[in-house]
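Residues per chain, in single letters:
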Amino acid sequence: MSHKSAKDFFAPLAVGAPAPLREIPARPSRAIHFFDPSNEKMAAKVPGMIGTVDVLLGNLEDAIKADNKVAAREGLVKIAESTDFGPTQLWTRINSLDSPWVLDDLTTLVPAIGDKLDVIMVPKVQGAEDIQYVDRLLAQLEAKADLDRPILVHAILETARGVANVEEICGASPRMQGLSLGPADLAADRKMKTTRVGGGHPGYLVRQDPPKDELGVSRIEAPRATYQQDLWHYTIAKMVDACAMHGIYPYYGPFGDIADVVACEDQFRNAFLLGCVGTWSLHPKQIAIANKVFSPSVEDIAHARRVVAAMGDGTGAVMIDGKMEDDASLKQCLVLVELAEKLAEIDPDLKAQYDAIEVDA
Ligand SMILES: CC(C)(COP(=O)(O)OP(=O)(O)OC[C@H]1O[C@@H](n2cnc3c(N)ncnc32)[C@H](O)[C@@H]1OP(=O)(O)O)[C@@H](O)C(=O)NCCC(=O)NCCSC(=O)C[C@](C)(O)C(=O)O
Ligand SMILES: [Mg+2]
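Naming follows an unreviewed UniProt entry, where the chain appears as CoA ester lyase of Nocardioides bizhenqiangii. Taken from UniProt, the Cofactor (unreviewed entry) comment for the chain reads in full: "Mg(2+)".

The following block contains the structure:
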């Protein structure tokens, strides 16, 4: 781990590069929607998606055929140049740092469309050194392109070493915007015995204790309920803590079973409840799931506003519907209320739903 002084941490890494941000803005990013810029049919859909999704991400890495890498890069440049993204953020996922494509990805994209790119997602990040490499290179390219704001960096947590180093990754640069879980590569790297892209597994379960017969002997053959467990709980919780500690944002990641919209919603909601601000969408139908799950429900906002109203100056304790509320539950309610306010600014449907709530303290 390098030992930068505090004053150097926020100094530009190249002469003429824009100053790093001191705080990462909390822009709505419930769904990061992936598209393949080399796929003309998919790319043609992108302009029509603006305003319906918080983030559009031109993917250059895995899921793009080796023969299409250059076409994807050029396709992204063309789309970004010819499109006004309005309220929707534009992100890209570059190729991995050990690949033959990544240098050209960065040296092409930053001069051509650096003014339109909000965040660059870096896959397979292993440690702070990977972020520091990208950090310096981006500063040089930003200075050359005369950009007036820094491009932020998002890391995918998809190697065992990356998970072990998650805190140093989050703190490696003031560009760090957030982290996503990469469950497919992470499973392979850890030698997990799954074959899926995210989500649960029927074999990962706990079983109810066996009933006993009249002699007190366990009847292990008796029918017993099993409960599927979440394979990703540990990693997501670790990621959420590391991000919160560094003031950056955690995201779930991909859910590969596109047809199973029910389990997708469950997996996304677990991540939302644990502290994630958003997730990925791989197919247009996952956008609505993400927008629903990562927007606080009307019921939660109604309750949160009641607590805020009842708590007055925020000190002491009150009873609401038989439950004790105090400054710590108030703070939780404020997380939801503030998120709802941010989302209402960009989502008129949600604003109407939240505005219709009547609070009787
Ligand atoms: C799953 C696939 C193959 C199904 O593609 P399909 O064509 O079979 O689906 P469809 O239902 O037939 O498509 C219906 C329509 O929607 C369009 N469409 C379909 N998808 C999109 C899209 N994303 N954006 C915009 N449009 C889309 C598609 O072109 C079609 O248009 P049409 O009605 O005009 O014929 C396709 O949706 C796809 O390629 N999605 C993106 C996949 C991707 O980006 N994967 C990489 C991220 S996950 C990952 O990398 C792992 C990770 C983190 O690294 C790690 O865990 O390690
Ligand atoms: Mg991956």
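Having seen it, we continue.
### Quick look at the overall build of the chain
Within the chain one finds 14 helices and 12 strands. Seen through its principal axes, the chain has C-alpha atoms that stretch 75 × 55 × 45 Å. The buried share of the chain, reckoned over its 361 residues, is 46%. For the chain, the accessible surface area stands at approximately 18000 Å², while carbon and sulfur atoms represent 54% of it. In the chain, 37 positive and 52 negative side-chain charges are present, and the distance between their average locations comes to 4 Å.

### Considerations on the sheet that holds strand S1 (residues 31-35)
Strand order in this open sheet of 8 strands is S9-S6-S5-S4-S3-S2-S1-S10, and the pairing throughout is parallel. Two strands close off the open sheet at either side, each with one partner strand: strand S9 (249-251) and strand S10 (279-281). Taking each pair of neighbouring strands and ignoring which way they run, the sheet shows an average axis angle of 25°. Lying on the sheet, helix H9 (residues 233-246) is in contact with strand S5 (152-157), strand S6 (176-181) and S9; it crosses S6 at an angle near 175°.

### Details of the nonpolar core
The biggest cluster of nonpolar side chains holds 80 residues, and the ones touching the most others in it are Ile32, Leu179 and Phe268. Take this core: its biggest share by element is 6 residues, from helix H5 (residues 128-145). In this view, Phe268 contacts Tyr252, Gly253, Phe255, Thr279, Trp280, Gln286, Ile289, Ala290, Val293 and Phe294; residues no more than four positions away in its chain are not counted.

### A short note on the environment of Val77
Residue position: Val77 is located in helix H3 (residues 69-82). The class of Val77 is buried, set by a relative accessible area of 12%. Distance from Val77 to Gly114, taken between C-alpha atoms, is 9.7 Å for residues 37 residues apart in sequence. Not counting residues up to four positions away in its chain, the partners in contact with Val77 are Thr108, Leu109, Ala112 and Ile113.

### A closer look at the coordination of the magnesium ion (ligand 2)
Ligation of the magnesium ion (ligand 2) by protein atoms is provided by Glu158 (OE) and Asp185 (OD), these donors lying 2.0 to 2.2 Å from the ion. A residue pair is termed long-range when its members are at least 10 positions apart, and Glu158 in the loop between S5 and helix H6 (160-164) and Asp185 in helix H8 (residues 183-190) qualify at 27 residues.

### A word on the environment of Leu282
Along the chain, the position of Leu282 falls in the loop between S10 and helix H11 (284-293). Relative accessible area serves as the criterion here: at 31%, Leu282 is assigned to the partly exposed category. Considering only alpha carbons, one finds Leu282 and Gly253, 29 residues apart in sequence, at a separation of 9.5 Å. The contact partners of Leu282, leaving out residues within four places of it in the chain, are His33, Phe34, Pro254, Phe255, Gly256 and Ile258.

### So, the side chain of Asp54
With respect to the element layout, Asp54 can be found in the loop between helix H2 (40-49) and strand S2 (55-59). Looking at Asp54, its side chain comes within polar contact range of the side chain of Arg30, at 2.8 Å. Sequence-distant contacts of Asp54, that is, excluding residues within four places in its chain, are made with Pro28, Ser29, Arg30, Ala31, Thr88, Gln89, Asn291 and Ile346.

### Regarding the site of ligand 1
The local shell around ligand 1 holds 19 residues, among which His33, Phe34, Lys45, Ala184 and His283 are the closest. Between His33 and ligand 1, the recorded distance is 2.8 Å, taken from a side-chain N or O atom to a nitrogen atom. Counted by class, the shell around ligand 1 contains 9 nonpolar, 4 polar and 6 charged residues.

### A few points about helix H4 (residues 102-113)
Between the first and last C-alpha of H4 there are 16 Å, a value that for 12 residues agrees with the 16 Å anticipated at 1.5 Å per step. Of all the residues in H4, the buried ones are Val102, Asp105, Leu106, Leu109, Val110 and Ile113. For H4, the buried positions fall inside an angular range of 110° around the axis, keeping them on one side. Of the surrounding secondary structure, the elements contacted by the buried residues of H4 are H3, strand S3 (89-93), strand S4 (119-122) and H5.

### Some thoughts on the pattern of salt bridges
Applying the stated criterion across every chain yields a total of 17 salt bridges. Here Arg93 ties to Glu61 by a salt bridge, and the two come within 3.2 Å at their closest N and O atoms. Highlighted residues: Arg93 in strand S3 and Glu61 in the loop between S2 and H3, separated in sequence by 32 residues. For Arg93, a relative accessible area of 7% gives the class buried. A salt bridge links Asp355 to Lys351, with the nearest nitrogen and oxygen atoms 2.9 Å apart. Placement of the pair is Asp355 and Lys351 together in helix H14 (residues 348-355), with a separation of 4 residues, close to one helical turn. Given a relative accessible area of 40%, Lys351 falls into the partly exposed group. One network of salt bridges, in which partners are shared, links Glu61, Asp62, Arg93, Lys124 and Asp185.

Rules used in this analysis
- Residues numbered from 1 in each chain as written.
- Chains lettered and ligands numbered in written order.
- Predicted model: local features only at pLDDT ≥ 70, side-chain atom pairs only at ≥ 80, totals over all residues.
- Heavy atoms only, no water.
- UniProt positions renumbered as here; feature names shortened; annotations may be inferred.
- Helix = DSSP H or I, 4+ residues; strand = E, 2+ residues; numbered from the N terminus.
- Buried < 20%, exposed > 50% of the residue type's maximum accessible area, 1.4 Å probe, protein only.
- Areas by Shrake-Rupley, 256 points an atom, 1.4 Å probe, with all protein chains shown as cover.
- Lys, Arg positive; Asp, Glu negative; His and termini not counted.
- Charge placed at Lys NZ, Arg CZ, Asp CG, Glu CD.
- Pairing = 2+ DSSP bridges.
- Axes fitted to C-alpha atoms, helices over the stretch in contact; angles between N-to-C directions.
- Contact = heavy atoms within 4.5 Å.
- Core = buried A, V, L, I, M, F, W, Y, C linked by side-chain atoms within 4.5 Å.
- Donors = N, O, S within 2.8 Å, 3.2 Å for Na, K, Ca; no water.
- Polar contact = N/O pair within 3.5 Å; in protein donor to acceptor, adjacent residues only side chain to side chain.
- Near = heavy atom within 4 Å.
- Nonpolar A, V, L, I, M, F, W, Y, C, P; charged D, E, K, R; others polar.
- Expected span 1.5 Å × (residues − 1).
- Arc of directions from axis to C-beta.
- Salt bridge = Lys/Arg side-chain N within 4 Å of Asp/Glu carboxyl O.

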